[in-house]
Amino acid sequence: MSAGSSTPVRRSSRLQTKPAVTYLDDDHEPTSEGIPPGAASSASRRERKPPAKRPRKSVDANQPGESSKQLAPRGRRRDLSRLVDMPLDILFEIFGHLHPHDLLQLSRTTKALRSVLMRPSAVTIWRNARQNVDDLPDCPDDLTEPAYANLLFDQHCHFCVKARVMNVLWTLRCRACRACLKEHFTTLFDVLVAVRQRIPIAAQNPMISTSTMVPMEYVNNKLLIPKAVAEELFACIEACKGDPNALKKLEQERSLAVTVLKASADIMVDWQARQAQQRTMDLIDLRCRRRKQIIDRLCDLGYGDDLKFMTFERVEQFLEHPLVKQPKELTDRIWNNIKDAMIAFAQESRVERLMRERCAHYVNRLSLLSDLAVRWLVRRPLWELLPSIADLSHYTSAFLHLMNFPREMFFEAIDTTPARVDKAMNDAVSEWRALMMEKLYAIIIAATTPAPSSSDAPTGSNSQGSSSSGTAAQLSNVAGPSTVSATPQPEPTADEITTLTFSACTWFRCTNARCNALLDAVRTLSHGCAHAAPPLRMHPESDADDLHNAYVLVCDEHPWNLSGDKVTFDIDARDAAAKVVRACGGDPARTSTDDRALNKARFVCSLCSSDGQVCVMAWKHAVAHLTAHAKEGRDAKVTCLSKRDRRIVRSLEPSRLLRHETCVYKMYGCLRCRVGPPMTLVQVLNHCKDEHYVEWPDEEVDYALHPDAEAEPGEPAHDMYYDASLFLTPIRR
């Protein structure tokens, strides 16, 4: 080629076999062959230019009857129909940069692209595309490159083309939805039975290992085999015609093929697990970047301190916020969409921060008191009647003085000896118990007298006799309302208050509508509803609001009956308890809750005992049972069982109480936490395991009887029905 000659344009050799499309010039008239004169020699060497485009007509806006709207420009329609006309090496270079899934989708667009990508010479395209996926294993020998890409990335069922099928059967080289698993697969057991029927009895010894001759997958507790593979195996076995040597050879060949399938399947399973782990890490990284970008934008708006001093719960809410948790980059458009919601969250954090700063002095003192008292409380049994941290700070003079210091003062840890701590705590507990007895006594007097006053209190002295007479004066005429004495009575002594408070006829009712429990004095002072605190006051306006917030933040409870309306004295329960005590042969004015005869006795309700069945219960539940009848307006008689019948009942109770004391009665508390309501035995064991990592908790070491327990150990807190033929005691009707 001479130096002055130009290099010819490179063209695809495939285009030479295509017929050229020619167009006619407007300046020549066509001949009878459709070729203009003089153009026959050049028509095969060049293409004629296409016909001129139709000129666009402009519309005169002033012309009447014509629309003034201008015509939109009409662009040329473009597509990829001539993409396949490019040289193959250029196409291969372009397609080699695609993801295998994109290449698979491209091959399904047109027949021309499919013919290019599915030909054997295009294998280099798929191999280059496979290199774009990190750590992707090589294509197995039993699959083509397109089939391998289809198995890895196309989430459609290979039988019914259902979308989003994530279950890949790697050994079987397919994906199958739930319906197709039932239709196109069979179990290994069915295959073994069918193979045994197809092999003659003479050739069954030695028996071939059918399970190693077919690939299978473990799905839904079953080993599944494609029906087509099973039919192929049956045909091969029948072709052996019972020849043991042929069967053995068939077993070896197919077992080797299955081994190769399993080995490659294990490699693909490992790759899938790595990809899932990498995807998880990528999503976490996206969420972290989005979270940081949101925090930066909120800090630019002036909410930096509010986000910095968020509580652990508030941080959890921020991390789990649906607008923060999304694995997407934060763009300006997205930020404009979520800006108002994020500012509202930051504003709530600011309100909470200001609330905490306002009550910080009370939080400091309650935390100091908690650190001091917990060391002493952990050495005391859980069932003992002891004050809470909130009770100590509100009802004892020494710790109340600490709470009343000016709000500008903050305290550090108190450096003192254990002996001084023990003395201070013992004095505080004694003071608290005396004050609680007085409060319970005041509730009783307010409920049993029309005009509560100090002159209506029972008379008595420090002696046992005067104490009993004072108690009897308050609990006299238990079946009806009490009367007010015209003569002023002196102030009751501490012994009289204690006797009245712990009397068997003294019962309180929880005013919480969801609880409504009937409580004796011990349960009343430790009942959770009496310590329950309202929610935080996010906009405090007074010192009382600050104290309330400090109690909720540090103790998660209020001092006992702080509002004064948590418990009331139950008159109906008092009358019902008097019936029970009289049925046992006791004096309602002198019997206490720890009376041994009363706790051993078992009682029968006349209204609930019929049709050969006797309703038996312990005395505390009998009080609640009769009170329920009284509130319904029904007068129930109660009968105390004889010693002989009582022994029968108590011998049968342990087997019936096993389930209730384990899963029903809330009797136990955690010794490691020492806070919270009572739990069942199963709940407290799970609590110790989940919260404190104690696999085998021990009683009195990890858990113990709660002071607010619903029942005493070995004492039923529900009705128990027995056959009437077991008893000889006549039932009062």
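In this text, all values refer to a predicted model and were calculated from it rather than measured experimentally.

(A) Summary view of the pattern of salt bridges. Considering all chains together, one arrives at 39 salt bridges under this definition. For the salt bridge of arginine 433 with glutamate 384, the shortest nitrogen-to-oxygen distance reads 3.2 Å. Taken together, the residues span a long stretch of sequence, with arginine 433 in helix α16 (residues 418–448) and glutamate 384 in the loop between α13 (360–377) and α14 (389–395) at a distance of 49 residues. Residue classification places glutamate 384 among the buried residues on the basis of a relative accessible area of 15%. Here the salt bridges share partners, and the residues they tie into one network are Asp306, Arg350, Arg353 and Glu357.

(B) Quick look at the packing of aromatic side chains. For the structure shown, the criterion picks out eight aromatic pairs. Note on phenylalanine 153 and tryptophan 271: the rings are 6.2 Å apart at their centroids and 90° apart in plane angle, and the pair reads as edge-to-face. Separated by 118 residues along the polypeptide, phenylalanine 153 in helix α5 (residues 145–153) and tryptophan 271 in helix α9 (residues 244–300) bring together distant segments of the chain. A single burial state applies to phenylalanine 153 and to tryptophan 271, both of which are buried. Where phenylalanine 318 meets phenylalanine 345, the ring centres are 5.7 Å apart and the plane angle is 40°; that geometry is what we call tilted. Separated by 27 residues along the polypeptide, phenylalanine 318 in helix α11 (residues 312–319) and phenylalanine 345 in helix α12 (residues 332–358) bring together distant segments of the chain.

(C) Molecular detail of the pairing of strand β14 (residues 720–723). Side chains Met720 and Tyr722 project from β14 onto a buried face, and the interleaved Tyr721 and Asp723 project onto a face without burial. By the bridge criterion, four bridges tie strand β10 (residues 613–617) to β14 in an arrangement that is antiparallel. Across the sheet, glutamine 613 pairs through a bridge with aspartate 723, a residue of β14.

Conventions and cut-offs
- Residues numbered from 1 in each chain as written.
- Predicted model: local features only at pLDDT ≥ 70, side-chain atom pairs only at ≥ 80, totals over all residues.
- Heavy atoms only, no water.
- Salt bridge = Lys/Arg side-chain N within 4 Å of Asp/Glu carboxyl O.
- Helix = DSSP H or I, 4+ residues; strand = E, 2+ residues; numbered from the N terminus.
- Buried < 20%, exposed > 50% of the residue type's maximum accessible area, 1.4 Å probe, protein only.
- Phe/Tyr/Trp six-rings, centres within 6.5 Å; stacked < 30°, edge-to-face > 60°.
- Pairing = 2+ DSSP bridges.

Keep in mind these values describe shape, not function.
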